[in-house]
Structure formats: C-alpha cells, structure tokens
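# Structural description and commentary
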Amino acid sequence: MNERDARFAEIGRALREHNKFAVLSHVRPDGDALGSTLALSLSLKELGKDVRAWNEDGMLEKYDFLARAELLTQPPSAPEDFDVAVALDTAVQNRLGTTAAAIRHAKLWVNIDHHPSNPRYGDLVYIDPTAPATGQILFELLTNQKFPITPAIAENLYAAISTDTGSFQYPNTSVRTFEIAAELVRCGVDVGRVSQLLYENFPRRRIELLRDLLDTMRFGCDGKLAWFSLSKASALALGVIPEDNEGLIDHLRAIRGVIVAIFFEELTDGKVRVSMRSKNEAVDVCAICTEFGGGGHVLAAGARVRGTLPEVEKKIVEQACAAIERNT
Ligand code: 5GP
Ligand code: MN
C-alpha cells in the first residue's frame, strides 16, 4: 500500500469507527469550502452518522442552490462534544473562526487540505498541495474508502472543484481533475445547470461593485502589477455583502502583461483584507502574504493587515513590486 492509500485507510477507519462528527471549513468560505463540507457531511450521513456541518458564515446565498445546502449552518452558541471534528480546506486552525469554539471536545481532529502553508495541525492529517481543490482530495478519499457518492454528493464535489480551479483553468488542473470531473458527471451532475448557477447568476449589486472597483484600478511595476480597492464607505453605499467580491480580482489578473493582481478591502476592525493572485510561479504571492501574517497558495493568497487602506496599499504594493522585480 502506498503512502497515500495508507493515510486514506487510517482516516477512513476513523470515520467508520466513530459516530458523531463536526465537519468544518474556513471563514469567508468559497465554493471549495462549502461544497467539500456538504459532500463529506452527506457521505457520513449516508453511513448513518450523526453529523453537524458548520461554517462561521453559514451557507452563502450564492451557493444555496447546492444539493442539501440547508444542512450547512452557522455553529450554535452552546458548544457540543464530538467523536471527530474534520477541518476541510482550512490552512490554519484560526481560520475555522467561531466553529472551533462550538466544539467543546473532540476525541480526534482530522485535517484535510490542499494549502501548502498548512502546518499539519490535528491528529490525522492529509495535505496534498498538488490538488487544485479540497473537493478533489475528498473524491479520492471517498472512492478509495468505498464511501457513498450520491448525486447530491457528486454535485457538491463538482462545484468545489469547478470553483477552485477557476472552471478547470488554473495550472494545477490536471488529467486527474478532468477524470474526476468526468466521474462526477457520470454520477449525475448536470454541468450546464451547475455552471449557470455558479457563474451566470450573480446579483446585480456584484456588477455594480465591479464598476466601482474598476474606478479605483491602478497599475505599477511597468504594468506587471494591478490593484483595486473597496472602502467601507463604498461597500455600505453599494449595499454589498462579503461574498459579492469573490472572483472579481480575476478581472485584473486577466489583463495582458499583469503578473500580480491585488484586491484591497477595508474591514470594520481596523484591518484590510488583502487578496493576491499571480500568473507566474516565480512570483510567489503566498510568500508575500505570509510576511504579513496570511498564507495560501503560490498563485492565490491572502492576509488581513492592520492599518488604513492607503497605508496597507502602499506597504503591499511595494512588496509585490519588489517580488516581481526580483523574480522576473
Ligand atoms: P482569497 O484571496 O480568495 O480570499 O484567498 C486566496 C487563498 O489565500 C485561499 O486559498 C485562502 O485560503 C488563502 N487566504 C486568504 N486569506 C487568508 C488569510 O488571512 N490567512 C491565510 N493563512 N490564508 C488566507
Ligand atoms: Mn480550496
């Protein structure tokens, strides 16, 4: 048995042998976090387990079409005991947010993720930084361990993988990713329907937000760096909610000549959320974000940095430009 299968066997055994589970994922969740949480929760429920699927932000409006979306809720204020708590797609434990406080005790912590910066917290750990989505790892785990994959589970895994690969476009999208997608379609996923709900169903305010962001667009580093910013005042005036901005940074990354794109979002706690994307493996945005207390992947990373919007913009733009000049 190879290393991967041995790990899967160990995790599979822990899942089969226990009864009460909490399945968790990171704050400000994306499609991979929510789809993966639902997929694993549903598979465990098929096995007759008692499962809570929690995220600090609950189910986002834009993903509430996912099969059995109602299962995923915000954590309760009164903590509960569990046999097993599973953290999915969560690079550091504190990104579990309020869900961690809702677990009074768990006999076992399982950590399944694809972030290279994951410090391997927990008792049973499976990190595959080559996987483009946690949903891809879960597909491998569930099939390897002969856990159920119903059409509802397939739809959630498909949404997880589709969103985290930028619709099968990012460079870590592999032969295996397409094989898994094919398998999920065979399980009943309606690609046209899911894609339309994921990518052609935005609220109008998201596009109004994009118009506002494009007004703040700036370039630096000979056009290799592009950024835009959202102030608290603009967010309030536009009536946007946090989930509205996921993916808007791709408009900057899509510009010819741009290597690094940055999105700055002024938060209410005196910090600025920094979201970075790179088009070149030589310019590691995770390394830049890590210096500011964040993390992520080589080509997609983030951090929350204390300071005003102009202060944080200046610091981060300088570091990003230095990284581009050093490495290209
Ligand atoms: P996004 O820019 O879409 O918010 O995040 C891109 C990637 O960076 C994701 O994989 C996410 O997990 C990671 N990331 C974003 N913000 C933070 C942060 O504040 N801390 C850490 N450790 N990772 C982050
Ligand atoms: Mn992910």
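Residues numbered from 1 in each chain as written. Chains lettered and ligands numbered in written order. Predicted model: local features only at pLDDT ≥ 70, side-chain atom pairs only at ≥ 80, totals over all residues. Heavy atoms only, no water.

### Let's talk about the site of ligand 1
Here is the rule we go by: For this purpose, a residue is taken to be near a molecule or strand whenever a single non-hydrogen atom of the residue falls within 4 Å of it. Side-chain atoms alone can form a polar contact between residues adjacent in sequence; in general such a contact is a pair of N or O atoms within 3.5 Å, and within protein one must be able to donate a hydrogen while the other accepts it. A run of H or I in DSSP counts as a helix once it spans at least four residues, and a run of E counts as a strand once it spans at least two, with each numbered from the N terminus. Gly is placed with the polar residues, together with every amino acid not listed as nonpolar (Ala, Val, Leu, Ile, Met, Phe, Trp, Tyr, Cys and Pro) or charged (Asp, Glu, Lys and Arg). Where each domain begins and ends is defined by an automated method or by a domain database.
Surveying the vicinity of ligand 1 reveals 15 residues, the closest of which are H115, R273, S275, R277 and H297. Between ligand 1 and R273 there is a distance of 3.1 Å, counted from an oxygen atom to a side-chain nitrogen or oxygen. Here G302 contributes a backbone N or O atom positioned 3.3 Å from an oxygen atom of ligand 1. Sorting the residues of the shell around ligand 1 by element identifies β10 (271-278), β11 (295-296) and β12 (300-306) as the ones contributing at least two each. Taken together, the residues of the shell around ligand 1 sort by class into 4 nonpolar, 7 polar and 4 charged. Looking at which domains feed residues into the shell around ligand 1, each of domain 1 (3-199) and domain 2 (204-327) gives three or more.

### Let's talk about the state of the cysteines
What counts, and what does not: Disulfides are defined as pairs of cysteine sulfur atoms found within 2.5 Å of each other. Each residue gets one of three labels from its accessible area relative to the maximum for its type: buried under 20%, exposed over 50%, partly exposed in between, using a 1.4 Å probe on protein chains only.
Scanning all chains against the criterion turns up 1 disulfide. A sulfur-sulfur separation of 2.5 Å characterises the disulfide bridge that pairs C221 with C321. Residues C221 and C321 are joined through a disulfide that is right-handed, its torsion about the S-S bond being 105°. Taken together, the positions of C221 in the loop between β7 (218-220) and β8 (225-230) and C321 in helix α12 (residues 309-327) put the pair 100 residues apart, joining distant regions of the chain. Judged on exposure class, the residue C221 and its partner C321 are both buried. In this model C289 remains outside any disulfide bridge; the closest cysteine sulfur is found in C286, 7.0 Å from its own. The buried category is assigned to C289, whose relative accessible area is 3%.

### Here's the deal with the pairing of strand β2 (residues 50-54)
Basically, it comes down to this: Two strands are counted as paired when DSSP detects at least two bridges linking them.
In the sheet, strand β1 (residues 20-25) pairs with β2 via 5 bridges, with the strands oriented parallel. Pairing of L24 across the sheet is with W54, part of β2. Of the pairings in the sheet, the one linking β2 to strand β3 (residues 72-73) comprises 2 bridges and is parallel in character. Residue pairing for β3: W54 is matched across the bridge by T73.

### A closer look at the coordination of the manganese ion (ligand 2)
Definition in use: A donor here means any N, O or S atom no more than 2.8 Å from the metal (3.2 Å for Na, K and Ca); water is not included, so a site may seem to lack partners.
Donor atoms from the polypeptide that bind the manganese ion (ligand 2) are D32 (OD), D89 (OD), H114 (NE2) and D164 (OD), placed at 2.2 to 2.4 Å. Read N to C, the donor residues that coordinate the manganese ion (ligand 2) are spaced as D-x56-D-x24-H-x49-D. Highlighted residues: D32 in helix α2 (residues 31-46) and D89 in the loop between β4 (80-88) and α3 (98-101), separated in sequence by 57 residues. Residues D32 and D89 agree in their burial class; the two are buried.

### Details of unusual backbone geometry
The phi angle of most residues is negative, glycine excepted, and most peptide bonds adopt the trans form. In the Ramachandran plot, R68 falls in the positive-phi region, its phi being about 60° despite a non-glycine side chain. Relative to the helices and strands, R68 is located in the loop between β2 and β3.

### Quick look at the pairing of β10
In terms of burial, β10 is largely enclosed, as 7 of its 8 residues are buried. Of the pairings in the sheet, the one linking strand β9 (residues 260-266) to β10 comprises 7 bridges and is antiparallel in character. Paired with F263 across the two strands is S275, which belongs to β10. Two successive antiparallel strands, β9 and β10, enclose a turn made up of 4 residues, where G270 displays a positive phi of approximately 80°.

### Regarding the packing of helix α5 (residues 151-164) against helix α7 (residues 191-199)
Angle between the axes and distance between the axes are the two parameters that describe a pair of packed helices. Rules: Axis definition: a line fitted to C-alpha atoms, limited for helices to the stretch in contact. Angles are taken between N-to-C directions and run from 0 to 180 degrees. By definition in this entry, angles of less than 35 degrees are roughly parallel, angles greater than 145 are roughly antiparallel, angles of 65 to 115 are roughly perpendicular, and the rest are oblique. Each helix crossing is assigned a hand: it is left-handed if the near helix lies turned anticlockwise from the far helix by less than a right angle, otherwise right-handed if that turn is clockwise. Working rule for contacts: check all heavy atoms of both residues, and any pair within 4.5 Å makes them a contact.
Packing of α5 against α7 leaves a shortest axis separation of 11 Å and a crossing angle of 55°. By the angle class used here, α5 and α7 are oblique. The two elements α5 and α7 meet at a crossing, and its hand is right-handed. Judged by residue contacts, E155, Y158, A159, S162 and T163 of α5 engage V191, R193, V194, L198 and Y199 from α7. Taken together, the residues of the contact of α5 with α7 sort by class into 6 nonpolar, 2 polar and 2 charged.

### Quick word on the domain arrangement of the protein
Condition: A quick way to say it: buried area is the sum, across both parts, of accessible area lost when two parts are put together, with a 1.4 Å probe. Should a side-chain nitrogen of Lys or Arg be within 4 Å of a carboxyl oxygen of Asp or Glu, the pair is scored as a salt bridge.
Segmenting the protein into domains produces domain 1 (3-199) and domain 2 (204-327). Listed by partner, the interface residues are 14 residues for domain 1 and 18 residues for domain 2. Where domain 1 abuts domain 2, roughly 1100 Å² becomes buried across the two surfaces, and 42% of that area is made up of carbon and sulfur atoms. Broken down residue by residue, the surface that domain 1 buries against domain 2 is led by R28, K62 and Y170, which jointly contribute 46%. Of the charged contacts in the structure, one is a salt bridge between E246 and K62, with a shortest N-O distance of 2.9 Å. Counting the contacts that link domain 1 with domain 2 gives 8 residue pairs in polar contact (both at pLDDT 80 or more). Grouping the amino acids of the side of domain 1 that touches domain 2 by side-chain chemistry returns 6 nonpolar, 4 polar and 4 charged.

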